[in-house]
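Read off the chains here:
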Amino acid sequence: MKYIILREHRISCFVLASSYTFLMGSFLSWNCRGIRSKLQELKGLINYFHPVCVGLQETFLSSNIALKLRGYTSVRKDAATGSNHSGGVCILTSNLYPSTPLTLHTSLQAVAVQVHVRALFTVCCVYLPPHDVISEQDLDTLVDQLPAPFLLLGDFNGHSTLWGSDVTNSRGRQIERLISNNCLCPLNNDEKTYFHEPTRTFHSLDLAICSPTLLTFLHFTVGSYLCNSDHFPIIVSYADSNSEIQYPPRYLYQRADWGNFMQLANITESMVCTADITEAVKMS
C-alpha cells in the first residue's frame, strides 16, 4: 500500500489510504514539481489534513504568477531569473493560527514563518538542488537565523543511512554535519520519500529536522501517494494529538509576600539551627 504509484492525471489526493490518521495541528512538506499543475492535489491534501503549514519545494513559479488558496497565506521565494523557473519554495500558513513571516538573509532557497499553535515556534521550508554546490557556512547561517524551537522541512537531496538511505553521499554527510554541529534532531524514520522513475527505485531525500525541545512532541510519517509528483508528501504532527501539552507550572517568586510567609511559617531560630531535619519538623 505504501508505494502505490498513481499515473492518472489529476488524481484527487483527498482519497487517501485508510492508514492516514486525521491530525489537527499537522505540518506538511511536499516537493510538488510545479504547483500550478498540482493545485487539485494540493487542495486535496489541505482538505484532508487541515495543516497549520504546508512547505512546498520546486514550485516553478515566477514573481508575476500569483498563488492563492482560500484560508491560507503564502510566503514565497521564487526561482532565480534565468533558471527557467525551476526550483522555488513556499510556505502556506493557515489563517486560523497567528503567524508572521521571518526575514532570512540567505542565498539558499528557503523561507520561514513563526506560528503559534500550542506555543510559538518557527517553521522553515528549504530546497537544495541536487547539482548545486552548497556551503556548510550557508547552511549554518540559515539555522542560526531560525528562532528556536524550530522545524526545518524540505527536499535536501542528500542520501544518508541516518535517515533510511542505503548509502551516504557527500550531500548526506554535509547534512549530517549540520545536524551534529547544531545539535538538531532528524524526525525521519526508514520510510522512503522519493520515487526515481527511470530506475524504479525509492529513496529518502525529504527531511524533517527539529530543535531538541520539539523531538518528543512530534511524529513523522510519509504519505502513501505521490499526488502526481515524484515525491511523497511528508507529515509532521503532534505525537499527542488529542490533548494539549502540559507544561510545568511557573512561579513568580518576586511577587510573594515573604514577610507574611515568615510570620505564618512560624520559623524559630532553634528550628533553623537544628542539624536534624526530622527534629526541626517536630518543633513546628
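About the criteria used
Residues numbered from 1 in each chain as written. Predicted model: local features only at pLDDT ≥ 70, side-chain atom pairs only at ≥ 80, totals over all residues. Heavy atoms only, no water. Phe/Tyr/Trp six-rings, centres within 6.5 Å; stacked < 30°, edge-to-face > 60°. Helix = DSSP H or I, 4+ residues; strand = E, 2+ residues; numbered from the N terminus. Buried < 20%, exposed > 50% of the residue type's maximum accessible area, 1.4 Å probe, protein only. Lys NZ or Arg CZ within 6 Å of the ring centre and 35° of its normal. pLDDT = per-residue confidence, 0-100. Contact = heavy atoms within 4.5 Å. Patch = residues over 30% accessible without salt bridge, like charges linked within 9 Å, V, L, I, M, F, W, Y side chains within 5 Å. Areas by Shrake-Rupley, 256 points an atom, 1.4 Å probe, with all protein chains shown as cover. Salt bridge = Lys/Arg side-chain N within 4 Å of Asp/Glu carboxyl O. Pairing = 2+ DSSP bridges. 1 Å grid on protein atoms, 1.4 Å probe; cavity = no way out; pocket = protein on both sides within 12 Å on 5 of 7 lines; lining within 4 Å. Points joined across faces, edges and corners; volume = space filled by probe spheres on them. Nonpolar A, V, L, I, M, F, W, Y, C, P; charged D, E, K, R; others polar.

Q: Explanation requested: the packing of aromatic side chains in the structure shown.
A: Aromatic ring pairs are defined here through the distance separating the ring centres and the angle between the ring planes. Going through the model one piece at a time under the given rule, you end up with four aromatic pairs. Centroid distance Phe27 to Phe121: 5.4 Å. Interplanar angle 65°. Geometry classified as edge-to-face. On the criterion of sequence distance, the pair formed by Phe27 in strand β1 (residues 27-31) and Phe121 in strand β7 (residues 120-127) is long-range, its members being 94 residues apart. Each member of the pair, Phe27 together with Phe121, is buried. Here Phe202 and Phe232 contribute two aromatic rings whose centre-to-centre distance is 6.3 Å and whose plane-to-plane angle is 25°, an arrangement assigned as stacked. Residue Phe202 is located in strand β11 (residues 201-203), and its partner Phe232 is located in the loop between β13 (218-222) and β14 (234-238); the two are separated by 30 residues in the primary sequence. By relative accessible area, Phe202 is classed as partly exposed at 24%. Residue classification places Phe232 among the buried residues on the basis of a relative accessible area of 0%. Through successive ring pairs, a cluster of aromatic residues spans Phe195, Phe202 and Phe232. Geometry around Tyr238 places Arg118 over its ring, the cationic atom sitting 4.0 Å from the centre.

Q: Quick question: what am I supposed to make of the confidence of the model for the protein chain here?
A: Caution is warranted with low-pLDDT regions, since their predicted coordinates should not be read in detail. Mean pLDDT for the protein chain: 85, with 82% of residues reaching 70 or above. The model gives residues 1-23 a pLDDT under 50, and that stretch makes 59 contacts with residues more than four places away or in other chains. Considering only residues more than four positions removed or in separate chains, one finds that residues 243-247, a stretch of pLDDT under 50, has seven contacts.

Q: Which parts of the structure should I look at to understand a nonpolar patch on the surface?
A: Together, Tyr253, Trp258, Phe261 and Met262 make up a nonpolar patch on the protein surface, roughly 480 Å² of accessible area in all. The partly exposed category is assigned to Trp258, whose relative accessible area is 46%.

Q: Is there a simple way to think about the sheet that holds strand β12 (residues 206-210) in this case?
A: For sheets, the rule is that strands pair by backbone hydrogen bonds, running either parallel or antiparallel. One open sheet holds the six strands; their spatial order is β5-β6-β7-β8-β12-β9, and the pairing between them is mixed. Whereas interior strands pair on both sides, the edge strands pair on one side only; in this sheet they are β5 (99-102) and β9 (185-186). Strand direction decides the pairing type here: β9 and β12, joined by two bridges, are antiparallel. Each bridged residue has a counterpart across the sheet, and for Cys185 the counterpart in β12 is Cys210.

Q: I tried to follow the pattern of salt bridges on my own but got confused; where do I start?
A: Oppositely charged side chains can pair when the atoms bearing their charge come close. Counting across every chain of the model gives four salt bridges. Linking Arg76 and Asp78 is a salt bridge whose minimum nitrogen-to-oxygen distance equals 2.8 Å. Overall, the relative accessible area of 22% leaves Asp78 in the partly exposed class. Each of the salt bridges in this network shares a partner with another, and the network as a whole consists of Arg33, Glu58 and Asp230.

Q: Help me understand the layout of surface pockets in this model?
A: Vacant regions in the atomic arrangement are exposed by a probe of water-molecule size rolled over the atoms. Reported here for the largest pocket is a volume of approximately 320 Å³. Together, 22 residues line the largest pocket, and Ser86, Gln109, Tyr127, Pro129 and Asp132 are the ones closest to its centre. Its residues assigned to classes, the lining of the largest pocket shows ten nonpolar, six polar and six charged. If you add up the space inside the second largest pocket, you get close to 250 Å³.

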